[in-house]
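Next come the chains, spelled out residue by residue.
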Amino acid sequence: FSVTYGRNSSWIFFCEEDTRIQVVKLLETLGRFDGSKEWFLGKALYDEESTIIHHYAFAENPTVFKFPDFAAGWALSIPLVNKLAKKLKSEPLKSDFTIDLKHEIALYIWQKGEGPHLTPVPEFCTDDVNLYKVDHCATTFSNFLPLCGEPVKKEDVFVAVKTCRKFHGDRIPVVKQTWEREAALIEYYSDYADISIPTIDLGIPNTDRGHCGKTFAILERFLNHSSPRTPWLVIVDDDTLISIFRLRKLLSCYDPNEPVFLGERYGYGLGTGGYSYITGGGGMVFSRIAVQKLLASKCRCYSMDAPDDMVLGMCFSGLGIPITHSPLFHQARPMDYPKGYLSHQIPVSFHKHWNIDPVKVYFTWLAPTAEESLNGKKVGYNREDL
C-alpha cells in the first residue's frame, strides 16, 4: 500500500465483506482528521480481563489498551502506512504465533507507546443497517449468519469427538445435554471403549500434549469406514461447545467437491515463511476430498503427541490447499472476547469448560432459538453476563 498509494492518497480504509459503507459520510468523517499526521482510527474494543488469546497482555489493567473492531472498518493515514512499511523493511516481524490480528495489529502500531493509540470514531459502527439509530454511522454491519442456499443435510455432517477416559464422567455428559441431538452422525473416540457412551478405542494411547496420532486415526476411519456419500467431517474436543445447526447453514457456502479445511485460523511463523492452521478447540471442518488429498500425500505426524492442528496446517500448506478462516469459530470461552465484538456475531462454537457453566453457555450463545429454527433470520439475543 505504501508503494502503490503512498504519494497520491490520504487514507487506507480496511473493512470486512459484510461491512456496509456510506461513502459520503465516510469521507466527511475522515475529513475531520489531519491526513498529514499519523492516525489510527476505528471502533474501539478492549478486554474486560486479561486473556490467553491476547497472551495476557496488559494484565494489570487490560481495559487500557484499545484495538479496532474490523467489522466497523478501520483507517490508517498514509504517513502512518509509510512509517509502518519502513519499519517492516528494517525489522521483520518477530511473533511466532498469530492468533488475533486486530489485537496484534494495534500492538504493532502502538510500538510499546512510541506509536499512536487507536482513536475511537463514533461514526464507525457495527449496528445493523436496518436499525433506526444508525443515521450518524458511516459504516454499519450486516450480521446475518452466512446462508448460500439450503443448509446441508444433517446426514451430510459426520462429527468426531476426541475424548479420553479421565473426561468420560464430566465432559461427555455436557455434550449429551447440549449439542449431541443436533448431530445425526456422531462418534466418540477415546483411549478406552466405554459402551455406556459409547466410545471407540482407536488403539492410540492418550497423551498430555498434542493429539496428532489420534486425529490422523480419526481421518483414516472417516475415509475408510463412514459412508462415502458423507461429504463433511467435523473434529471437536470433548470440551468444545458447537452449534451443528448453524454449521449446516454455514456449510451451504462451501463446495464439498473442493478441498475445504475450515475453522478459526491461527498462524505460526508467518513473518518468516511459516503456515496457517485451524485451531482445534473451536472445531476443524474438512470436506471429504480434503481428507483424501491429505492422506494420499503421506504427510503425517512427526510424533504421536505432536499438536494435531499445527501438523494439519503444515500438511495442507505443503499441498497448496488454503486454510479457510471463519470468525464464527472460537478457541476460547465467550468471556475471553470483548462484548462489543460478540454482540454482532452469530457464533458457531466456543471452547473450554474452565470457570464456566458450559450448559448455560451453550443455551445462551449457541442453542437454536425458535425464530432461528423457523426461518433462519437474524437473532436478537438477551445474553446475560457469563
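Residues numbered from 1 in each chain as written. Predicted model: local features only at pLDDT ≥ 70, side-chain atom pairs only at ≥ 80, totals over all residues. Heavy atoms only, no water.

The protein appears in an unreviewed UniProt entry as Beta-1,3-glucosyltransferase from Pelecanus crispus.

Some details on the nonpolar core
Note the cut-off: In this description, a nonpolar core means a group of buried Ala, Val, Leu, Ile, Met, Phe, Trp, Tyr and Cys residues linked to one another through side-chain atoms lying within 4.5 Å. Exposure categories follow from relative accessible area, calculated using a 1.4 Å probe and restricted to protein chains: below 20% of the type maximum is buried, above 50% is exposed, and the middle band is partly exposed. The domain limits used here are those given by an automatic or database domain assignment. Every residue pair with non-hydrogen atoms within 4.5 Å of one another is taken to be in contact.
Counting 64 residues, the largest nonpolar core has F40, L76, V159, W179, L247, L251 and V285 as the members making the most contacts within it. Shared between two domains, this core takes at least three residues from each, and those domains are domain 1 (1–141) and domain 2 (154–375). When sequence neighbours within four positions are dropped, the list of residues in contact with L76 reads S10, W11, I12, F14, W39, F40, V81, L84 and I109. Counting 25 residues, the second largest nonpolar core, distinct from the first, contains I235, A290, V311 and L312.

Re the UniProt feature "domain: Fringe-like glycosyltransferase" (unreviewed entry) in the protein
So the rule is basically this: UniProt positions are given in the numbering used here, feature names are shortened, and annotations may be inferred rather than shown by experiment. Think of it this way: any DSSP run of H or I at least four residues long counts as a helix, any run of E at least two long counts as a strand, and we number them from the N terminus.
With numbering matched to this structure, UniProt assigns "domain: Fringe-like glycosyltransferase" (unreviewed entry) to residues 7–89 and 151–361. For residues 151–361, the end-to-end C-alpha separation is 24 Å, with 27% helix and 21% strand making up the annotated structure.

What about a nonpolar patch on the surface?
The line we're drawing: Like-charged residues are merged into a patch within 9 Å and nonpolar side chains (Val, Leu, Ile, Met, Phe, Trp, Tyr) within 5 Å, provided each residue has over 30% relative accessible area and no salt bridge. Values of accessible area rely on a 1.4 Å probe in the Shrake-Rupley scheme; residue burial ignores everything except the protein chains shown. Any carboxyl oxygen of Asp or Glu within 4 Å of a side-chain nitrogen of Lys or Arg constitutes a salt bridge here.
A surface patch of nonpolar side chains, amounting to about 270 Å² of accessible area, comprises I21, V23 and L27. By the element assignment, I21 lies in strand β2 (residues 19–21). For I21, a relative accessible area of 35% translates into the label partly exposed.

What to know about the sheet that holds strand β1 (residues 11–14)
What counts, and what does not: The pairing criterion is simple: DSSP has to find at least two bridges between the two strands.
On the basis of which strands lie adjacent, the open sheet formed by four strands has the order β1-β6-β3-β8 and mixed pairing. The sheet is open, and its two borders are formed by β1 and β8 (119–120), each paired with just one other strand. Here β1 pairs with strand β6 (residues 74–77) via four bridges, running antiparallel. When the bridges of β6 are listed, F14 appears paired with W74.

Re the confidence of the model for the protein
Put simply, the rule is: The pLDDT value expresses, per residue, how confident the predictor is, ranging between 0 and 100.
Here the protein averages 93 in pLDDT, and 96% of its residues register 70 or above. In the predicted structure, residues 376–382 sits below a pLDDT of 50 and forms 18 contacts with residues beyond four places in sequence or in another chain.

Some points on the state of the cysteines
What counts here: For the purposes of this analysis, a disulfide is any pair of cysteine sulfur atoms at a distance within 2.5 Å.
Scanning all chains against the criterion turns up four disulfides. Across the disulfide from C212 sits C301; the S-S distance is 2.2 Å. Of note, the bridge from C212 to C301 carries an S-S torsion of about -90° and is left-handed in sense. Within this pair, whereas C212 is found in helix α6 (residues 212–225), its partner C301 is found in the loop between α8 (288–296) and α9 (308–319), the two being separated by 89 residues in sequence. The disulfide partner of C299 is C315, and the S-S distance across this bridge is 2.1 Å. Across the S-S bond of C299 and C315 the torsion is about -80°, and the bridge reads as left-handed. With C299 in the loop between α8 and α9 and C315 in helix α9, the pair connects residues that are 16 residues apart, well separated along the chain. Here C299 falls in the partly exposed class, since its relative accessible area comes to 26%. Taking the relative accessible area as the measure of exposure, C315 reaches 2% and is therefore buried. For the protein, the bonded cysteines pair up as 1-2, 3-5, 4-7, 6-8 when numbered in the order they occur along the sequence. Lacking any disulfide linkage, C15 is separated from the closest cysteine sulfur, that of C125, by 14 Å.

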